[in-house]
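Fold and geometry: a report
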Amino acid sequence: MQVMATPSRAEADRLVVKLKAYTPRVEETEVSGRGRMYRVRIGAFATKPEAEKFLRSFNGKTGSKGLVVASARP
């Protein structure tokens, strides 16, 4: 689940601290036309429905607007 994408590593790191209970991680990537981006992501889910269920709960508890994404991580 992705919570934020930002060109600022500092901004991503601040969010990681706020969401530490969810064990977030920052994934760095190059985006064509936008440069380097830092994605704050949470979790690894076996199925999309499992991720969507977690997302509804997470959004309700935190007021965030995360989204389910496929991760490039193995």
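Calculation criteria
Here the residue numbers are simple positions, counted from 1 along each chain's written sequence. Residues qualify for local features only when their pLDDT is at least 70, as the model is predicted, and side-chain atom pairs are given and counted only at 80 or more; totals for whole chains, interfaces and linings, by contrast, use all residues. Hydrogen atoms and water are omitted, and side-chain values are computed over all heavy atoms in the structure. When DSSP finds at least two bridges between two strands, those strands are taken to pair. Comment: elements are numbered from the N terminus, with helices defined as DSSP H or I runs of at least four residues and strands as E runs of at least two. Throughout, an axis means a line fitted to C-alpha atoms (over the contacting stretch in the case of helices), and angles, computed between N-to-C directions, take values from 0 to 180 degrees. Contacts between residues were defined by any pair of non-hydrogen atoms, one from each residue, lying within 4.5 Å. For every residue, the pLDDT score states the predictor's confidence, bounded by 0 at the bottom and 100 at the top. A side-chain nitrogen of Lys or Arg and a carboxyl oxygen of Asp or Glu constitute a salt bridge if their distance falls within 4 Å. The buried label applies to any residue whose accessible area, calculated with a 1.4 Å probe on protein chains only, is under 20% of its type's maximum; exposed applies above 50%, and partly exposed to all values in between.

What follows concerns the sheet that holds strand S3 (residues 35–41). With antiparallel pairing, three strands are arranged side by side in an open sheet as S1-S3-S2. In this open sheet, the two edge strands, each paired with only one partner strand, are strand S1 (2–6) and strand S2 (25–31). Across the sheet, the axes of successive neighbouring strands diverge by a mean angle of 25 degrees, strand direction being ignored. Relative to S3, S2 is paired through seven bridges, and the arrangement is antiparallel. Bridged to glutamate 27 within S3 is arginine 39. Against the sheet, helix H1 (residues 9–18) touches S1, S2 and S3, its axis set at about 160 degrees to S1.

Here the chain averages 91 in pLDDT, while 95% of its residues score no lower than 70. Ranking the elements of the chain by mean pLDDT puts helix H2 (residues 48–62) last, at 92, and H1 first, at 96.

What the rule picks out here adds up to five salt bridges. For aspartate 13, the salt bridge goes to arginine 9, with nearest N and O atoms at 3.0 Å. Within this pair, aspartate 13 and its partner arginine 9 are both found in helix H1, separated by four residues, close to a single helical turn. Since its relative accessible area comes to 31%, aspartate 13 is described here as partly exposed. Classification of arginine 9 as partly exposed rests on a relative accessible area of 37%. The salt bridge partner of glutamate 27 is arginine 41, with a shortest N-O separation of 3.1 Å. Highlighted residues: glutamate 27 in strand S2 and arginine 41 in strand S3, separated in sequence by 14 residues. Across the pair, exposure class does not vary: glutamate 27 and arginine 41 are buried alike. Put simply, Arg25, Glu27 and Arg41 are held in one network by salt bridges that share partners.

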